[in-house]
Amino acid sequence: MRKLVLKFEDAVLKELLVGQKEVSIGRSPDNAIAIDNPAISHYHARVFQENDRLMLEDFGSLNGTFVNGQRVKMVALKPGDSIAVGKHTILVMESNEVEGSPVWRADRPAAPKINETVMLDTKERREFLQQVAAVGESAQVAPARLKVATLVVRKGRTDQREYTLSDKLTVVGKSAMATVKLKGWFAPKAAAQITRRDDNCYYIGAADHVPSVNGQPIGQPRKLFSGDIIEVSGTELEFLYRD
Amino acid sequence: MIKFGARSDTGRVRENNEDRYGATPEIGLFVLSDGMGGMASGEVASRLAVDAIIEHCRTAAANSSLPFLGDRREGLSEATNRLGSAIRVANRAIYHRAHEDSEHQGMGATAVAVRFAGDRVSIAHAGDSRAYLLRGGKLEQLTSDHSFVAESLRRGMMTAQEAAESKLQNVLLRALGIEPDVEVDLREEIASDGDVFLLCSDGLTRELSDAQITAILNDSGDPREAAGRLVEFANQAGGGDNITAIVIRNVAKPKGAFSVFSCLGRWFMILS
């Protein structure tokens, strides 16, 4: 697989795997890579697969599309190429991720060590506000069309009929900590837990009880896919990604 | 009377624990520091921070004429100003060590400290380690992170969602040990019976939401249990960084019959 990495200066804004579907680039929010910047045409360019080759086509944009510094109309891309549109850069990279893993992911660390806490030095700090101001004005990328993970209650007594999974950890049970609150005398404190991992996917794991997914009791934590039915302690929950 | 519990954990991803905390209940002081810097430097920095803050406050408790480092701020109590001075002293200690010793170059640390003195609680911090107050069941964040993301959010340059998803979470604008002087944020609260203070490193707050922290604090009456559960849940949520939590409860002095009733009340709540 190949992926496109959208950057503004040093900041990685988005990563996008390129599969069979073409990737449109432009200012309109319905583009796969939407960049809300006046320097970019509403439908600026597209990246698509053609017989195993990755192609870039500029739609006759006003300010042009550049690959490795050269203005292009239609060109084959290879890993390592750098596409420039306005002030943004899109890097073409190899990815070992398989198709089917979620395409959109927000702000993945660019380097393995990036999670280390760092301190901006004095000079950088002085420039910080200007930089943020610049980014704030010109790099207002339309919010990623992140799918919202949702649990819909199909059976059982809970405090809500539907839950949006916004936290990294979601506990299902009677505990004060639980997001999905089970009711009833014999409901366990923590029946199951769902965690969002760094891949932005959700995994269900056992807590006091062993939940079943689609009728199968789970051993190891199991990745959840849209439509999975979770059964735990008499409660049935459907896991969904909503737009 | 103060009851406290603390827990520090490496988490599930890191190899070292660069967080450090110190509790000196005899002078009502609780300190937490999250170190940064390659190799073992982060651990050195956070240890220097905690030790220096405690030592400065201890010395001042025995000898009130101990000089203050930095300006005294008007309108704040002696104890609060002393806490500010202690963090500035710690800053110098780390700064000098980093410059003396090339192997520790660039090391730094956050610091957050609370001190209970009379009817006041002093809160001081620099960096992105936080202090929270749970009062009447509601959680309030007492400190504002000195981080790039938090500052961008405050200035309206990022939306809450952008801030939550930013990869620049780890970029600090203020920390101890980077420059000879550090600006310290100071504030005071009037102590109230039943207050629960939480000091924590970002390893906790990156894993759990405020609502989840509130639920855990409200649910565990014992500070040690609360600290343990906070760390445990943060690990379950991923444990991406070192996790440290100090929970301090300002307990009402037992008032005879009153405490019996509150016990009964608790039982009624459980049974109903």
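Calculation criteria
- Residues numbered from 1 in each chain as written.
- Chains lettered and ligands numbered in written order.
- Predicted model: local features only at pLDDT ≥ 70, side-chain atom pairs only at ≥ 80, totals over all residues.
- Helix = DSSP H or I, 4+ residues; strand = E, 2+ residues; numbered from the N terminus.
- Contact = placed C-beta atoms within 7 Å.
- Buried ≥ 20, exposed ≤ 12 C-beta atoms within 10 Å, placed from the backbone.
- Axes fitted to C-alpha atoms, helices over the stretch in contact; angles between N-to-C directions.
- Left-handed = near helix turned anticlockwise from the far one by under 90°.
- Nonpolar A, V, L, I, M, F, W, Y, C, P; charged D, E, K, R; others polar.
- pLDDT = per-residue confidence, 0-100.
- Expected span 1.5 Å × (residues − 1).

## Focus on the overall build of chain B
Phase 1 of the analysis: Counting its regular elements, chain B contains eight helices and 12 strands.
Phase 2 of the analysis: Residue pairs in contact within chain B that sit at least 24 positions apart in sequence constitute 70% of those at least 6 positions apart.

## Some details on the environment of B:Asp195
All names here are of chain B.
Phase 1 of the analysis: Examined against the element boundaries, aspartate 195 turns out to sit in the loop between β10 (185–190) and β11 (196–200).
Phase 2 of the analysis: Overall, aspartate 195 belongs to the partly exposed group, with 18 C-beta atoms counted inside 10 Å.
Phase 3 of the analysis: On a C-alpha basis, the gap between aspartate 195 and isoleucine 248 in space is 8.2 Å, while along the polypeptide they are 53 residues apart.
Phase 4 of the analysis: Leaving out residues up to four positions away in the same chain, aspartate 195 has contacts with Leu133, Arg135 and Asn250.

## Digging into the packing of helix α6 (residues 210–219) of chain B against helix α7 (residues 223–236) of chain B
Residue and element names in this part refer to chain B.
Phase 1 of the analysis: Put simply, α6 and α7 touch, their axes get as near as 9 Å, and they point 145 degrees apart. Judged by the sense of rotation from one axis to the other, the crossing of α6 with α7 is right-handed. Note on element contacts: α7 touches α6 through Ala226, Arg229, Leu230 and Phe233, opposite Gln212, Ile213, Ile216 and Leu217.
Phase 2 of the analysis: Among the residues forming the contact of α6 with α7, the class breakdown is six nonpolar, one polar and one charged.

## Some points on unusual backbone geometry
Residues and elements named next belong to chain A.
Phase 1 of the analysis: Backbone geometry places asparagine 68, a non-glycine residue, at a positive phi of 50 degrees.
Phase 2 of the analysis: Along the chain, the position of asparagine 68 falls in the loop between β7 (65–67) and β8 (70–72).
Phase 3 of the analysis: What makes asparagine 68 exposed here is the crowd of 11 C-beta atoms within 10 Å.
Phase 4 of the analysis: We note that serine 233 has phi near 45 degrees; this positive angle belongs to a residue other than glycine.
Phase 5 of the analysis: Its location among the elements puts serine 233 in the loop between β24 (229–232) and β25 (235–242).

## Points about the confidence of the model for chain B
All names here are of chain B.
Phase 1 of the analysis: In this model, chain B carries a mean pLDDT of 90, and residues with pLDDT of at least 70 account for 93%.
Phase 2 of the analysis: Scored below 50 in pLDDT, residues 256–272 makes one contact in the model with residues more than four places away or belonging to other chains.
Phase 3 of the analysis: What the predictor reports for the complex is a pTM of 0.69 with an ipTM of 0.73.

## Some details on α7(B)
Phase 1 of the analysis: Between its terminal C-alpha atoms α7(B) stretches 20 Å, which fits the 20 Å expected from 14 residues at 1.5 Å a residue.
Phase 2 of the analysis: Listed as buried for α7(B) are B:Pro223, B:Ala226, B:Ala227, B:Arg229, B:Leu230, B:Val231, B:Phe233, B:Ala234 and B:Gln236.
Phase 3 of the analysis: Next to the buried residues of α7(B) lie β17 (169–173) and β19 (192–196) of chain A together with β1 (2–9), α5 (202–205), α6 and β12 (243–250) of chain B.
Phase 4 of the analysis: In the segment just after α7(B), B:Gly238 is the residue with positive phi, at about 145 degrees.

## Considerations on the confidence of the model for chain A
Residue and element names in this part refer to chain A.
Phase 1 of the analysis: In this model, chain A carries an average pLDDT of 80, and 80% of its residues clear a pLDDT of 70 or more.
Phase 2 of the analysis: Residue range residues 99–114 is modelled with pLDDT below 50. Its contacts to residues more than four positions away, or to other chains, number 31 contacts.
Phase 3 of the analysis: In this model, residues 136–145 is a region of pLDDT below 50 whose contacts with residues beyond four sequence positions or in other chains number 17 contacts.

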